[in-house]
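# Structural features, examined
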Amino acid sequence: MQSQSRAILITLPGREQRYRVLIGPGLRFDLGSHLKALDLPPRLFVVSDRRVAGLYGGQVTGVLEKAGFSPTLLEVSPGERAKTWPVVQRLARDLLAQGADRRTCLIALGGGVVGDLSGFLASIFMRGAPFIQVPTTLLAMVDASLGGKTAINLPEGKNLLGTFHQPRLVLTDPEFLDTLPPKERRNGLAEILKHGFIRDPDLLTRLERLRPRLFQDREALADIIHRAAAIKAEVVAADEREADLRRILNFGHTLGHALEAASRYRLAHGQAVAFGMLAALQLSVSLAGLSPGAAAYGQRLIKDFDLARKLPNLAMGDVLAALTLDKKREGQNSVFVLLEELGKPVIYPDVPLSLAAEFLQAGWA
Ligand code: ADP
Ligand code: ZN
């Protein structure tokens, strides 16, 4: 039986290739039939981290075997430290040792880390192998699995080696989130709220209403993921002439990235972005004409979802230093995405850093 699912078609500017994002509770059990429709060779490799592999590796390879595929599970360590060149090389050699060729499909089963790493490997393995995303974190479902960006880290910084490599399919099953720890859920929620702030106030209203039971009501959760993913898909499909449209995804991220860097990446991405959004809402009132009532509503939503938790001891000086190192800096002012109204972003080129710092500090006091 096929599960009920929602679909998004992703088309990319200037490219022939398009692919589908399918979203539905229980969809992982249909992975085999969806792969068959893509006409892929029977030999498959599923890349996952140890934790996700322990939870779902056997289930997913079982589903694939039942559909006539012959899958092999390849595991990496959980967390950011797997996104390195030595891991890519080790995986590539495992693929060769087990008979992979350039038509062999890689399936990324995991969060953003596994998706970035496997996508990167797929993009360079024998000059490019097909690749499928099966995201298991909320962040990956609404953000990282969409848009075709792949990357690994270098000792000098995150995501410094990367490619664009579009998956052939993104298959999203919200039931994976049953086992996702609250901290990881919050990372995804911050991006979903962001999508509401920049594009869809109605999404904010729905989130507010669903908050107490969001992770219990699977169909409602699937609808929210669908809407948030559709917003990301729409924005990444914008072409170069619409560069400003893509920049709106940076809402809350100018300060968010500075906070993450100043904490030496101990602060979770979602939490950093949540504080960035609190300050950006306040800046929007001062500079972009957002009504104080709308800002207060947004700030309350961020707090009700428990996203703006206590910050670790960060020195404001470190945050400002990180902010001026940010590539979007312009003198002592900085480029911010602000809101004129909820759902109506504006790129604001010269926000005084002193004002940004003041509002940031007010948010974490
Ligand atoms: P992100 O998608 O935020 O980049 P990661 O890929 O780093 O996240 O995954 C975050 C952590 O969550 C990792 O330790 C990973 O093993 C774990 N994880 C991912 N998906 C699930 C899941 N569905 N259930 C439980 N843990 C998961
Ligand atoms: Zn983000």
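Let me sum up the structure you'll find in this document. (Residues numbered from 1 in each chain as written. Chains lettered and ligands numbered in written order. Predicted model: local features only at pLDDT ≥ 70, side-chain atom pairs only at ≥ 80, totals over all residues. Heavy atoms only, no water.)

In spatial order, the strands read 1-2-9-6-5-3-4; together these seven strands make up an open sheet with mixed pairing. Single-partner strands in this sheet number two, and they are strand 1 (6-11) and strand 4 (70-76). Averaged over all adjacent pairs, the angle separating strand axes in this sheet is 20°, with direction ignored. The pairing of strand 3 (residues 43-49) with strand 5 (residues 105-110) spans five bridges and is parallel. Among the inter-strand pairings, Phe45 is bridged to a residue of strand 5, identified as Leu106. In this fold helix 2 (residues 50-66) packs onto strand 3, strand 4 and strand 5, with an angle of close to 160° to the strand it touches most, strand 3. Together, strand 3, strand 4, strand 5 and strand 6 (131-135) form the strand contacts of helix 4 (residues 112-124), whose direction differs from that of strand 5 by roughly 165°. (Pairing = 2+ DSSP bridges. Helix = DSSP H or I, 4+ residues; strand = E, 2+ residues; numbered from the N terminus. Axes fitted to C-alpha atoms, helices over the stretch in contact; angles between N-to-C directions. Contact = heavy atoms within 4.5 Å.)

On to the packing of helix 7 (residues 201-210) against helix 12 (residues 292-304). In contact at an axis separation of 11 Å, helix 7 and helix 12 are set at 45° when each is read in the N-to-C sense. In this view, helix 7 runs oblique relative to helix 12, as classed from their interaxial angle. Crossing of helix 7 over helix 12 shows left-handed handedness. Mapping the contact onto sequence places Leu204, Thr205 and Glu208 in helix 7 and Tyr297, Arg300 and Leu301 in helix 12. (Parallel < 35°, antiparallel > 145°, perpendicular 65-115°, else oblique. Left-handed = near helix turned anticlockwise from the far one by under 90°.)

A few words now on the side chain of Arg28. Here Arg28 lies in the loop between strand 2 (18-23) and helix 1 (31-37). In terms of polar contacts, Arg28 uses its side chain to reach the side chain of Asp173, at 2.6 Å. Beyond its immediate chain neighbours, meaning those up to four positions away, Arg28 contacts Gln59, Val63, Leu171, Asp173, Glu175 and Phe176. (Polar contact = N/O pair within 3.5 Å; in protein donor to acceptor, adjacent residues only side chain to side chain.)

Contacts to ligand 1 come from 17 residues, most closely from Asp49, Gly112, Thr136, Thr137 and Thr179. In the model, a nitrogen atom of ligand 1 is placed 2.8 Å from a nitrogen or oxygen of the Thr136 side chain. At a separation of 2.7 Å, a nitrogen atom of ligand 1 approaches a polar side-chain atom of Thr179. For ligand 1, whose free accessible area comes to 580 Å², the fraction covered by protein is 89%. At the level of elements, helix 2 and helix 4 are the ones that each hand at least two residues to the shell around ligand 1. Element by element, the count of residues in the shell around ligand 1 is highest for helix 2, at four residues. Classifying every residue of the shell around ligand 1 gives nine nonpolar, five polar and three charged. (Near = heavy atom within 4 Å. Areas by Shrake-Rupley, 256 points an atom, 1.4 Å probe, with all protein chains shown as cover. Nonpolar A, V, L, I, M, F, W, Y, C, P; charged D, E, K, R; others polar.)

Generally speaking, nonpolar side chains in soluble globular proteins are found buried as a group. Judged by nonpolar contacts, the single largest core of 108 residues is most densely connected at Leu35, Leu193 and Phe197. The greatest single-element share of this core, amounting to 12 residues, is contributed by helix 8 (residues 218-236). Ala82, Ala92, Ala108 and Leu121 belong to the second largest nonpolar core, which has 23 residues in total. (Core = buried A, V, L, I, M, F, W, Y, C linked by side-chain atoms within 4.5 Å. Buried < 20%, exposed > 50% of the residue type's maximum accessible area, 1.4 Å probe, protein only.)

This part is about the side chain of Thr254. Counting through the fold element by element, Thr254 comes out in helix 10 (residues 253-262). With a relative accessible area of 3%, Thr254 lands in the buried category. At 3.4 Å, the side chain of Thr254 forms a polar contact with the backbone oxygen of Val335.

This paragraph deals with a nonpolar patch on the surface. A cluster of nonpolar side chains, contributed by Trp85, Ile124, Leu154, Leu160 and Leu161, occupies part of the molecular surface with about 410 Å² of accessible area. Note that Leu161 resides in strand 8 (residues 157-164). (Patch = residues over 30% accessible without salt bridge, like charges linked within 9 Å, V, L, I, M, F, W, Y side chains within 5 Å. Salt bridge = Lys/Arg side-chain N within 4 Å of Asp/Glu carboxyl O.)

Nothing here speaks to function; it is geometry throughout.
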